[in-house]
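Tertiary structure, described
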Amino acid sequence: MDAKEIAALAEKIAEGRRSKKPMDIIQATASLSEADAYKVQFAVHDLFAGTGDKFAGWKVALTLPQQYEPLKLSGPVFAGVYQSGLCQSGAVFEKGWPLKPGIEPELVARISKDAPAGGSPHTADSIRAHVGNLYCGMELVDNRYVDVTKMTGPARIADNVLQAALVTGTEIKDWQNLDFANLQGRSTLDGKELAAGPGSAVMGGALISLAWLANALNKHGRHLKAGDLVLTGSVHPPAFLPGTGVAKTEFIGVGSTEITIK
């Protein structure tokens, strides 16, 4: 894709998201490559920033082969988070948005020190020094498409991989001592469990995925910056909500996050 085509597709996606109506970008993204998908994603970020919705951080998604391989992607993916999508546990979402909400239990990292490209690749051990705070969190995702089953992997990358909101819950004071791989996360609606999974589903652990993100951003000429909030990946695929109510994500024995969907 040339710069003009990238800009046009980015505008189409941005307009579709602003409409808060089901989007049909299947044909427009059908031949999109993985490399061009990130260029479109970055262009969409710039469009939102240009209207005052500041960039706030990143998310890691599709962390398991059974998630990215059917979409013909080379591996896990990343996407952006906007200031308008940041909220705290207890937030209320009124009827009409998200269109088709889903929830995911994720650890949220607040970056305290830039992680630019350097001599050696970032690792799970080295990335610790760049984390200021770690929280139990929730990613609120939105199936905002006319037919999500026809959305290719690159198409999902271009449109931020269903990202709707980053919800911050319990701060984990002693996170350095967590056994990340053996954490158990789950999602519920009005107390009924919808899905559950282990911390190991996130590339083996949240710090592994965070280091992966730092390296992936570096390859694209970007880097984690102090102040960024990062959704490090879900322990299970999105749990789409069967109705309204109190939606909760929890890391058992560690902390939780909840929202109300009207």
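Everything in this summary refers to the structure shown in the same document. If you're wondering where the values come from, they're calculated on a predicted model, not measured in any experiment.

Quick notes on the rules
- Residues numbered from 1 in each chain as written.
- Predicted model: local features only at pLDDT ≥ 70, side-chain atom pairs only at ≥ 80, totals over all residues.
- Heavy atoms only, no water.
- Helix = DSSP H or I, 4+ residues; strand = E, 2+ residues; numbered from the N terminus.
- Contact = heavy atoms within 4.5 Å.
- Salt bridge = Lys/Arg side-chain N within 4 Å of Asp/Glu carboxyl O.
- Axes fitted to C-alpha atoms, helices over the stretch in contact; angles between N-to-C directions.
- Parallel < 35°, antiparallel > 145°, perpendicular 65-115°, else oblique.
- Left-handed = near helix turned anticlockwise from the far one by under 90°.
- Nonpolar A, V, L, I, M, F, W, Y, C, P; charged D, E, K, R; others polar.
- Pairing = 2+ DSSP bridges.
- Buried < 20%, exposed > 50% of the residue type's maximum accessible area, 1.4 Å probe, protein only.
- Expected span 1.5 Å × (residues − 1).
- 1 Å grid on protein atoms, 1.4 Å probe; cavity = no way out; pocket = protein on both sides within 12 Å on 5 of 7 lines; lining within 4 Å.
- Points joined across faces, edges and corners; volume = space filled by probe spheres on them.
- Polar contact = N/O pair within 3.5 Å; in protein donor to acceptor, adjacent residues only side chain to side chain.

Considerations on the environment of Asp228
Here Asp228 is to be found in the loop between helix 6 (206-219) and strand 10 (229-234). Between the C-alpha atoms of Asp228 and Lys113, which are 115 residues apart in sequence, the distance is 9.3 Å. Apart from the residues within four sequence positions on either side, Asp228 is in contact with Ala56, Gly57, Trp58, Ala109, Arg110, Ile111 and His223.

Details of the pattern of salt bridges
Applying the stated rule across the entire model yields 9 salt bridges. A network of salt bridges, in which partner residues are shared, links Glu11, Glu15 and Arg18.

Looking at the side chain of Arg156
Relative to the assigned elements, Arg156 resides in helix 5 (residues 153-158). Here Arg156 is in contact with Leu71, Val148, Thr149, Met151 and Val161, once residues within four sequence places are set aside.

Overview of the packing of helix 1 (residues 3-19) against helix 3 (residues 34-50)
Between helix 1 and helix 3, the least distance of the axes is 8 Å, while the angle of their chain directions is 55°. Relative to helix 3, helix 1 is oriented oblique. Every pair of crossing elements has a handedness; the one defined by helix 1 and helix 3 is right-handed. Contacts from Ile6, Leu9, Ala10, Glu11, Ile13, Ala14, Arg17 and Arg18 of helix 1 reach helix 3 at Lys39, Val40, Ala43, Val44, Leu47 and Phe48. For the contact of helix 1 with helix 3, the residue count by class is 10 nonpolar, no polar and 4 charged.

Digging into the sheet that holds strand 8 (residues 184-189)
Strand pairing in a sheet relies on backbone hydrogen bonds. The paired strands run either parallel or antiparallel. Taking strand neighbours across the sheet as the criterion, the 5 strands line up as 4-13-12-8-9 in an open arrangement whose pairing is mixed. Of all strands in the sheet, those with a lone pairing partner are strand 4 (92-93) and strand 9 (192-198), marking the two edges.

Brief notes about the pairing of strand 12 (residues 245-251)
For strand 12, a buried count of 5 out of 7 residues is recorded, marking the element as mostly surrounded by other parts of the structure. Two strands pair when backbone bridges link them, and strand 8 and strand 12 are joined in this way by 5 bridges, in the antiparallel orientation. Paired with Ser187 across the strands is Thr249, a residue of strand 12. Looking at chain direction, strand 12 and strand 13 (residues 255-261) are connected through 7 bridges and run antiparallel. Bridging across to strand 13, Ala247 finds its partner in Ile259.

Some points on helix 6
Taking 1.5 Å per residue, 14 residues should reach 20 Å; helix 6 reaches 20 Å between its end C-alpha atoms and fits that length. Restricting attention to buried positions, one finds in helix 6 the residues Ala206, Leu207, Ser209, Leu210, Ala211, Leu213, Ala214, Ala216, Leu217 and Asn218. Where helix 6 is buried, its residues touch strand 1 (55-61), strand 2 (77-82), strand 5 (101-111), strand 6 (131-142) and strand 10. Once helix 6 finishes, Gly221 follows within two positions and takes phi at roughly 75°, a positive value.

Looking at empty space enclosed by the protein
Tallied over the entire structure, the rule returns 1 cavity of 30 Å³ or more. Lining the largest cavity we find Leu107, Phe180, Leu183, Gly199, Val202, Ala206, Thr232, Gly233, Val235 and Phe251. For the lining of the largest cavity, the per-class residue count stands at 7 nonpolar, 3 polar and no charged.

Examining the side chain of Lys59
Among the secondary structure elements, Lys59 is positioned in strand 1. Judged by relative accessible area, Lys59 falls into the buried class, the value being 2%. Within the structure, the side chain of Lys59 is placed 2.8 Å from the side chain of Glu139, a separation counted as a polar contact. Sequence-distant contacts of Lys59, that is, excluding residues within four places in its chain, are made with Val77, Phe78, Ala79, Val81, Glu139, Val141, Asn160, Val161, Gln163 and Leu231.

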